[in-house]
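Secondary and tertiary structure notes
These are the residues of each chain, in order.
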Amino acid sequence: MIKNYLKIALRNLLRNKLYSFLNIGGLALGMAASILILLWVTNEVSYNKFNKRLDRIFLVPQTQHYQTIGDFTVQPTPMPLAQRLKDDYPQVEWATRYEPWLGKRVLSHNDVNFDEQINFADSSFFKFFSFHFLEGDARSALTDPNSIVLTKETATKFFGNEDPVGKSLQMDDTVDLRVTGVIADVPENSDLQFDGLVPTEVMKYYGINVTQWGSNMIATYVLLKHSADAKEVSRKISGILKRVSNSPTAGKLFLFPFRDFHLYSFTGKGGRIDDVIIFSIVALFILIIASINFMNLATARSTRRATEVGIKKVVGATRFQIAKQFFGESIIVTMISLLVSLVLVEAFLPYFDELTDKSLRLSQINLMSVLLIVGVTVVTGVLAGIYPSVILSSFMPASTLKKTGSDAPGRFSLRRILVVAQFAISIALIIGTSVVYFQLKYIHNKNLGMKLTNVVYFPATQKLDNEIDRLENELKSEPGVLDVTSTQHPPIAIYSNGGGWSWEGMPADQTALVSITYADYGYIKTFDMTLSSGRFFSKEHPGDDSTGVVINQSFANLIGNKSPVGMPLRWFGNSYTVIGVVKDFNFYDLHRKIGPLAIFYSPQSQYVCLKVSNKDLSGTMNFIDKTCKDIDPGFVFDYHFLDKTFEKMYVSDRRLGNIVGSFSFLAIIIACLGLFGLSAHAAETKTKEIGVRKVLGASIPNIMLLLSKELVSWVAIANLIAWPLAYYFMDRWLRDFAYRINLNVWIFLVAGGTALVIALATVGYQAIKAATANPIESLRYE
């Protein structure tokens, strides 16, 4: 029986090649797109799952409160916090510290130098996280204050196939280290990424006080005992910083599950979970569109088999047997589509990896996802087989043999609903893609209050920092170097901030969060910033270097003084005088509004920034490299262009736009495949009607209007559904930006018009073909 069903199904597929291609191709494309997105989602939700104690690992962030901005939640905490948690709270089995923000370090061995991501961690770090040791002992690997644990890849760079344990390395020409362990390369789905780890005690070589409570410098993790209640511990530790510092801006500590770290923000609002939800919805929409196509085409063509049903009933077939045959054929076709989709996934996976910046493999998909894909395939086949199996199998033989295939009037209102749903989804995706595109374009073109083009920056080593004046003077001698400055942060990424500020007239209960950076004399000129009033630090006014401060316009507005130059400010008991006000510039990404900023003078900073000429850029870069190596022979020229770094700050948003845009295009293609099939079927069922109309004098435009007028109403209804849906979701997405475009009505009109034009173009071919056909051919046998 099954063999017979399979034979009939294959025979029907071969007999109707166009519809078979549209049916299988459309559904296979939809399934392939959904599987690709499912692979991405599976990868995202797998982050950090390799850690065996994941359910007991918690981060300890803090929430500070300022009258100027409200609650402000950050991950860094004071250095001594971990030991306090371990000593004072019996529910805490272990506490550890981890520092991932200080940037790359130059490691040296003999004459080999590499710039590596070396992070700082406590010796208890490996009690928390399940990184596999290839050499050495996890329990003692970081107990020596001058030890280092390397990843396999990093160890191979320096020592090849030799055993690296016990061998020496030097970091930044400052710290001598001994290799005490080698771990397997950090998994891609780990949020803790590094090339090597050194003990937190090494931070003292970089001028960091590892016993100070006043600065938030490091991430703190706790491993709770099995019996511990995380909510109770979170409540108990909340006031530690308040008790230690007695400061009104001291943060409230809380526990945050590390299993949620990759997907959720500390505040519970936003995070990568939004992208996971959006991409999952896109995958679902595409699968719905493909399934609608499949069901529409299957039901449309099933009426052509009414005669077959009648004959089978006459020769004794039961309704159950006929229904089972149609269900079986439908599921067979969906299974064929699934196999084709897997081939498409393998073919397009390299391009999808490039789009998402991941290394995905079909083998990575988990059992639940496999069951979901197979389940969707079966459900799609069952839904597509409902009409021919249930409805056609119920017809009486006499009626089916009299009426051999045209659609009964009004019978396919469900099909119209499904087509409208298809176009509503497609229009919503077009709107979403357009909004993301225009928002990113707005970001790219926005005046940031400074110029980033042709600005190069690189981290300064300890030797370069010690001879920064010599370095800057020698760099300025190169015609291709227009300006030079050194600074604590690149001007687009100033994330250091704090409270403790006061000024004359400040309300007693007011607290303000102010961002802070340090820079030398060339800062304003290098980045083409503009002063509103006063002056910047300069060699002509050396007295400003220790007592002066430059603030931005937002800080001046907060103070409430239109002319704050000369005004005294106090910060943690130290007194400073405002010497200048710089016009606001975006010193972090456009997701956040510009806040108050204070700039202090420092000749020694973490980054060297240069404005360079376009002429002979490679020669200029070679000169910079050589000049730095003359001062520090171990220097590794790891430079970046500031405008490119700015663009990378929105890589997640751009990835969202690229993925939604690509799959929106695919959704439209799938919808048009179905529309093409339905229009061909409509033209076929109205062949004789069109012939009669042409004989009676109907023109080609009249015939085209007959076949396409209903489509216009379908698209109009689809717009009414898609517009409010798209507005709701895109307005929510844009709320994450402090600086954003407006959702203008023309975006919605263009999306609706685009969908209509594409739909008319799809139907137009069949309409023209039917309108220009010879009526004699269709009426010859009447």
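Residues numbered from 1 in each chain as written. Predicted model: local features only at pLDDT ≥ 70, side-chain atom pairs only at ≥ 80, totals over all residues. Heavy atoms only, no water.

So, the overall build of the chain
Threshold: Secondary structure follows DSSP: runs of H or I at least 4 residues long count as helices, runs of E at least 2 residues long count as strands, and numbering of each begins at the N terminus. Burial classes follow relative accessibility: with a 1.4 Å probe on protein chains only, a residue under 20% of its type's maximum area counts as buried, one over 50% as exposed, and anything between as partly exposed. When checking whether two residues touch, look at their non-hydrogen atoms; a contact exists if any pair is within 4.5 Å. For the accessible areas, the method is Shrake-Rupley and the probe is 1.4 Å, while residue cover comes only from the protein chains on display.
Per the secondary structure count, the chain includes 25 helices and 28 strands. Expressed as a percentage of its 782 residues, the buried residues of the chain come to 52%. Residue pairs in contact within the chain that sit at least 24 positions apart in sequence constitute 80% of those at least 6 positions apart. Per element, the accessible surface of the chain, about 35,900 Å² overall, is 57% carbon and sulfur.

A short note on the nonpolar core
For the record, the criterion: Take the buried Ala, Val, Leu, Ile, Met, Phe, Trp, Tyr and Cys residues and link them wherever side-chain atoms come within 4.5 Å; each set so joined is a nonpolar core.
Counting 104 residues, the largest nonpolar core has Val435, Tyr523, Phe585, Ile599 and Phe663 as the members making the most contacts within it. Sorting elements by how many residues they give to this core places helix 13 (residues 413–445) first, with 14 residues. Setting aside residues up to four positions removed in sequence, Val435 forms contacts with Met730, Trp733, Leu734, Ile741, Leu743 and Ile747. Counting residues in each nonpolar core, the second largest holds 25 residues, with Leu59, Phe125, Ile183 and Leu192 among its members.

Some words on the sheet that holds strand 15 (residues 252–253)
For clarity, the threshold we go by: Note: two strands are recorded as paired if DSSP finds a minimum of 2 bridges between them.
Ordered by their spatial adjacency, 3 strands build an open sheet running 3-2-15, and the pairing between neighbours is antiparallel. Strands at the two margins of the open sheet, each flanked by one partner only, are strand 3 (70–74) and strand 15. Pairing analysis gives 2 bridges linking strand 2 (residues 62–66) to strand 15, with the strands arranged antiparallel. Its bridge partner lying in strand 15, Gln62 is registered against Leu253.

Focus: the pattern of salt bridges
The test is simple: We define a salt bridge as a contact between a side-chain nitrogen of Lys or Arg and a carboxyl oxygen of Asp or Glu at a distance within 4 Å.
All told, the structure shown has 22 salt bridges when counted by the stated rule. Salt-bridge contacts for Lys611 lead to Asp483; the nearest nitrogen and oxygen are separated by 3.9 Å. Pair noted here: Lys611 is in strand 27 (residues 607–612) and Asp483 is in strand 18 (residues 481–487), with a separation of 128 residues, a long-range link. On the accessibility criterion, Asp483 (11% relative accessible area) is buried. Arg535 is paired through a salt bridge with Asp544; the nearest N and O atoms lie 2.9 Å apart. For Arg535, a relative accessible area of 32% puts it in the partly exposed group. With relative accessibility at 9%, the residue Asp544 sits in the buried group.

Describing the packing of aromatic side chains
Given two aromatic rings, their pairing is described by the distance between the two centres and the angle made by the two planes. Our working definition: Note on aromatic pairs: the rings of Phe, Tyr and Trp (six-membered ring only in Trp) are paired at centre separations within 6.5 Å, and the planes decide the class, stacked below 30 degrees, edge-to-face beyond 60, tilted for the rest.
Evaluated as defined, the whole model comprises 49 aromatic pairs. Taken together, a centroid distance of 5.4 Å and an interplanar angle of 85 degrees make the contact between Phe458 and Phe637 edge-to-face. Within this pair, whereas Phe458 is found in strand 17 (residues 455–459), its partner Phe637 is found in the loop between helix 19 (617–631) and strand 28 (640–641), the two being separated by 179 residues in sequence. The class for Phe637 is buried, based on a relative accessible area of 17%.

Description of helix 5 (residues 152–159)
Defined as follows: Each C-beta atom gives one direction from the helix axis, and the arc is the one those directions make.
All of the buried residues along helix 5 are Thr154, Ala155, Phe158 and Phe159. Buried positions in helix 5, seen along its axis, are confined to an arc of 105 degrees and lie on one side of it. Looking at the buried residues of helix 5, the elements they touch are strand 6 (105–109), strand 7 (112–116), strand 10 (147–151), strand 11 (168–171) and strand 12 (175–183). Backbone geometry just after helix 5 places Gly160 at a positive phi near 60 degrees.

Looking at helix 15 (residues 468–476)
Every buried residue of helix 15 is listed here: Ile468, Leu471, Glu472 and Leu475. One side of helix 15 carries all its buried residues, which in axial view fall inside an arc of 95 degrees. Looking at the buried positions of helix 15, the neighbouring elements they touch are helix 14 (462–466), strand 18, strand 27 and helix 19.

Remarks on a nonpolar patch on the surface
Convention followed: To count toward a patch, a residue needs a relative accessible area over 30% and no salt bridge; like charges are then connected within 9 Å, while nonpolar side chains (Val, Leu, Ile, Met, Phe, Trp, Tyr) are connected within 5 Å.
On the surface, Met335, Leu367, Val370, Leu371, Val374 and Val378 cluster together to form a nonpolar patch covering roughly 470 Å² of accessible area. Sorting elements by how many residues they give to the nonpolar patch places helix 11 (residues 367–391) first, with 5 residues. Checked against the element boundaries, Leu367 lands in helix 11.

Thoughts on the pairing of strand 8 (residues 118–121)
Side chains of strand 8 alternate between two faces, with Ile118 and Phe120 and Asn119 and Ala121 buried alike. Looking at chain direction, strand 5 (residues 92–99) and strand 8 are connected through 2 bridges and run antiparallel. Residue pairing across strands places Glu99 opposite Phe120, the latter belonging to strand 8.

Notes on unusual backbone geometry
Even without being a glycine, Asp528 presents a positive backbone phi close to 55 degrees. Among the secondary structure elements, Asp528 is positioned in the loop between helix 16 (523–526) and strand 22 (531–534).

As for the environment of Lys49
Condition: Any pair of nitrogen or oxygen atoms within 3.5 Å is treated as a polar contact; in protein, a donor-acceptor pairing is required on top of that, and neighbouring residues in sequence qualify only through side-chain atoms on both sides.
Here Lys49 shows up in the loop between helix 2 (17–45) and strand 1 (57–59). Sequence separation between Lys49 and Ser190 is 141 residues, and the spatial gap between their C-alpha atoms is 8.2 Å. A polar contact is formed between the side chain of Lys49 and the backbone oxygen of Val45, at a distance of 2.8 Å.

A few points about the environment of Ala219
You can see Ala219 is positioned in strand 14 (residues 216–224). Of the residues examined, Ala219 reaches a relative accessible area of 0% and is grouped as buried. Distance in space between the C-alpha atoms of Ala219 and Ala82 is 9.2 Å, their sequence separation being 137 residues. Once residues lying within four places of it in the same chain are set aside, the contact partners of Ala219 are Leu59, Gln75, Thr77, Thr96, Arg97, Tyr98 and Trp101.

Thoughts on the environment of Tyr650
When you line up the elements, Tyr650 lands in the loop between helix 20 (642–648) and helix 21 (651–685). For the pair formed by Tyr650 and Leu440, sequence separation is 210 residues and the distance between their alpha carbons is 8.0 Å. The residues contacting Tyr650, other than those within four sequence positions of it, are Leu440, Ile443, Asp589, Leu590 and His591.

Notes on the confidence of the model for the chain
Detail in the predicted coordinates should be disregarded across regions flagged by low pLDDT. Under the convention used in this document: Per-residue confidence from the predictor is reported as pLDDT, a score between 0 and 100.
Averaged over every residue, the pLDDT of the chain is 83; residues scoring 70 or more account for 85%. Confidence over residues 404–412 falls short of pLDDT 50; this stretch has 15 contacts with residues more than four positions distant or in other chains.

Some remarks on the packing of helix 15 against helix 19
Heads up, the condition is: For helices, the axis comes from a line fit to the C-alpha atoms of the stretch in contact; other axes are also lines fit to C-alpha atoms, and the angle between any two N-to-C directions lies between 0 and 180 degrees. Roughly parallel refers to an angle under 35 degrees, roughly antiparallel to one over 145, roughly perpendicular to one between 65 and 115, and oblique to any angle outside these ranges. Should the near helix be turned anticlockwise from the far one by less than a right angle, the crossing is left-handed, and should it be turned clockwise, the crossing is right-handed. Under the scheme applied, nonpolar residues are Ala, Val, Leu, Ile, Met, Phe, Trp, Tyr, Cys and Pro; charged residues are Asp, Glu, Lys and Arg; polar residues are all the others, including Gly.
Following both chains from N to C, one finds helix 15 and helix 19 inclined at 150 degrees, their axes separated by 10 Å at the closest point. Comparing the axis directions of helix 15 and helix 19 gives the class roughly antiparallel. Of the two possible hands of crossing, helix 15 and helix 19 adopt the one that is right-handed. Across the interface between the two elements, Arg470, Leu471, Glu474 and Leu475 of helix 15 pack against Phe623, Ile624, Thr627, Cys628, Asp630 and Ile631 of helix 19. A breakdown of the residues in the contact of helix 15 with helix 19 according to their chemical character gives 6 nonpolar, 1 polar and 3 charged.

Side note on the side chain of His109
One can find His109 in strand 6. A polar contact is formed between the side chain of His109 and the backbone oxygen of Ser168, at a distance of 2.9 Å. Leaving out residues up to four positions away in the same chain, His109 has contacts with Phe158, Phe159, Ser168 and Leu169.

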